[in-house]
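# Architecture at a glance
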Amino acid sequence: MSSYVNPDALVSTEWLAEHLKAPDLRIVDASWYLPTMSRNGKQEYADAHIPGAVFFDIDEIADTDVPLPHMLPSPEKFATRMRRLGIGDGNRIVVYDGSDVHLSAPRAWWMFRVFGHNDVAVLNGGFKKWKAEGRPVEDLPPLPRERHFTARRNDLLVRDIEQVRGNMSNPREQVVDARSKGRFDGTEPEPRIGLRGGHIPGSLNVPSSLMTDPQTGLFQSADVLQDIFTKAGIDLNKPVVNTCGSGVSACILTLGMHLLGHRQVAVYDGSWTEWGGRADLPADVA
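I will try to describe carefully the structure that is included in this document. (Residues numbered from 1 in each chain as written. Predicted model: local features only at pLDDT ≥ 70, side-chain atom pairs only at ≥ 80, totals over all residues. Heavy atoms only, no water.)

Going residue by residue along strand E7 (residues 174-177), you find Gln 174 and Val 176 tucked away on one face and Val 175 and Asp 177 tucked away on the opposite face as well. Bridging between E7 and strand E9 (residues 240-243) involves four bridges; their strand directions are parallel. Bridging from a neighbouring strand, Asp 177 pairs with Thr 243 of E9. Across two bridges, the pairing between E7 and strand E8 (residues 204-205) is parallel. Pairing of Val 176 across the sheet is with Leu 204, part of E8. (Buried < 20%, exposed > 50% of the residue type's maximum accessible area, 1.4 Å probe, protein only. Helix = DSSP H or I, 4+ residues; strand = E, 2+ residues; numbered from the N terminus. Pairing = 2+ DSSP bridges.)

Let us look at the sheet that holds strand E2 (residues 25-29). To summarise the sheet geometry, strands pair through backbone hydrogen bonds and adopt either a parallel or an antiparallel arrangement. Read from one edge to the other, the open sheet built from five strands follows the order E1-E5-E4-E2-E3, with strand pairing classed as parallel. Edge positions in the sheet fall to strand E1 (10-11) and strand E3 (54-55), since each has one partner strand and no second. Pairing of E2 with E3, which is carried by two bridges, proceeds in the parallel orientation. When the sheet's bridge partners are listed, Val 28 is paired in E3 with Val 54.

Residues other than glycine seldom take positive phi values, yet His 102 does so here, at roughly 50 degrees. Within the element layout of this structure, His 102 appears in the loop between strand E4 (92-96) and helix H4 (105-114). Classification of His 102 as buried rests on a relative accessible area of 3%. One non-glycine residue with positive phi stands out, namely Ser 271, at about 50 degrees. Tracing the backbone through its elements, the reader meets Ser 271 in helix H10 (residues 271-275). You can call Ser 271 buried: its relative accessible area is 0%.

Listed in full, the buried residues belonging to helix H6 (residues 161-169) are Ile 161, Val 164 and Asn 167. Buried residues along H6 cover an arc of 125 degrees about the axis, so they all sit on one side. Summarising the contacts, the buried residues of H6 are in contact with strand E6 (158-159), E7, strand E10 (265-268) and H10. The N-cap residue of H6 is Asp 160: its side-chain oxygen and the backbone nitrogen of Glu 162 are 3.2 Å apart. (Arc of directions from axis to C-beta. Contact = heavy atoms within 4.5 Å. Polar contact = N/O pair within 3.5 Å; in protein donor to acceptor, adjacent residues only side chain to side chain.)

The next subject is the environment of Ala 279. Looking at the element boundaries, Ala 279 is found in the segment after H10. On the basis of relative accessible area, Ala 279 is assigned to the exposed category, the value being 80%.

Two elements in contact, H4 and helix H9 (residues 250-259), have axes separated by 8 Å at closest approach and are oriented at 70 degrees. Regarding the angle of H4 to H9, the classification is roughly perpendicular. Considering only the axes of H4 and H9, their crossing is left-handed. For the pair H4 and H9, the contacting residues are Pro 106, Arg 107, Trp 109, Trp 110 and Arg 113 in the first and Cys 251, Ile 252, Thr 254, Leu 255 and His 258 in the second. (Axes fitted to C-alpha atoms, helices over the stretch in contact; angles between N-to-C directions. Parallel < 35°, antiparallel > 145°, perpendicular 65-115°, else oblique. Left-handed = near helix turned anticlockwise from the far one by under 90°.)

What follows concerns the state of the cysteines. For the coordinates displayed, the defined rule picks out zero disulfides. Lacking any disulfide linkage, Cys 244 is separated from the closest cysteine sulfur, that of Cys 251, by 6.8 Å. A relative accessible area of 1% places Cys 244 in the buried class. (Disulfide = S-S within 2.5 Å.)

So, about the pattern of salt bridges. One pass over the full model with this rule turns up 22 salt bridges. Here Arg 165 makes a salt bridge to Glu 162, at a shortest N to O gap of 3.0 Å. Here the residue Arg 165 and the residue Glu 162 both occupy positions in helix H6, the gap between them amounting to three residues, near one helical turn. Given a relative accessible area of 31%, Arg 165 falls into the partly exposed group. Among the salt bridges present, the one from Arg 278 reaches Asp 280, with a minimum N-O distance of 2.8 Å. (Salt bridge = Lys/Arg side-chain N within 4 Å of Asp/Glu carboxyl O.)

What follows deals with the environment of Ala 79. Take Ala 79: it is sitting in helix H3 (residues 75-84). Residues Ala 79 and Phe 115 lie 36 residues apart in sequence; the distance between their C-alpha atoms is 8.6 Å. Discounting chain neighbours no more than four positions away, the residues touching Ala 79 are Phe 149 and Ala 151.

Structure below.
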């Protein structure tokens, strides 16, 4: 059985429980849910979270001057928000969310990496596993002390709409869509009202839910991840751009590929909300 090439991108609930009070550790609750899920990440954090965790609001730690949801903020805004959360240079960061399938924690993990902070991991199994094991929770927000956070954007990890459109005529990167097969095929409605169905022409489909073992809630083993990507027609020796509905679940695929050691993986930040919202851009359906 193969092992992860980058196992440090995940930590277990056991590891986190043992290191909960480590002075250099910062715990981040990045819970966020699709509009159709009828859940509120911020309210759930207020009700209960892992002791010491701060709330990472992907809708606010974003470029709020554009109409697209939770697009990457400027390095300056990201650094300011991290300082306020008490997250600084030299911290080991562990991110989690409250979903069943690691929905939004990988987005925060990716954002930290985009802004140059690579010492970040996702809690394997998330808050659901933590609670199921009877581990401690609290409802009091921490009072973080501001820390200096250096943010430098790594553009190798991000793609914009023009880069993705240019790749269609000169395909050097494989485009992989993390949405469900129904949404990819255009047979299921998009959760955002009025958004057309379908996918970017030439893209491949790997639903992000496949990254998680449905029985345990843990990330799939290296062998299973490799098999999933191979069966989808993806060559992990070549560059990949991951996309999804709004740039969140694409990061789940990105984490899966990172665990396997893939170095050339980017996320199309605007994803289908941007592409599918543009009538001048082509879309394929089943």
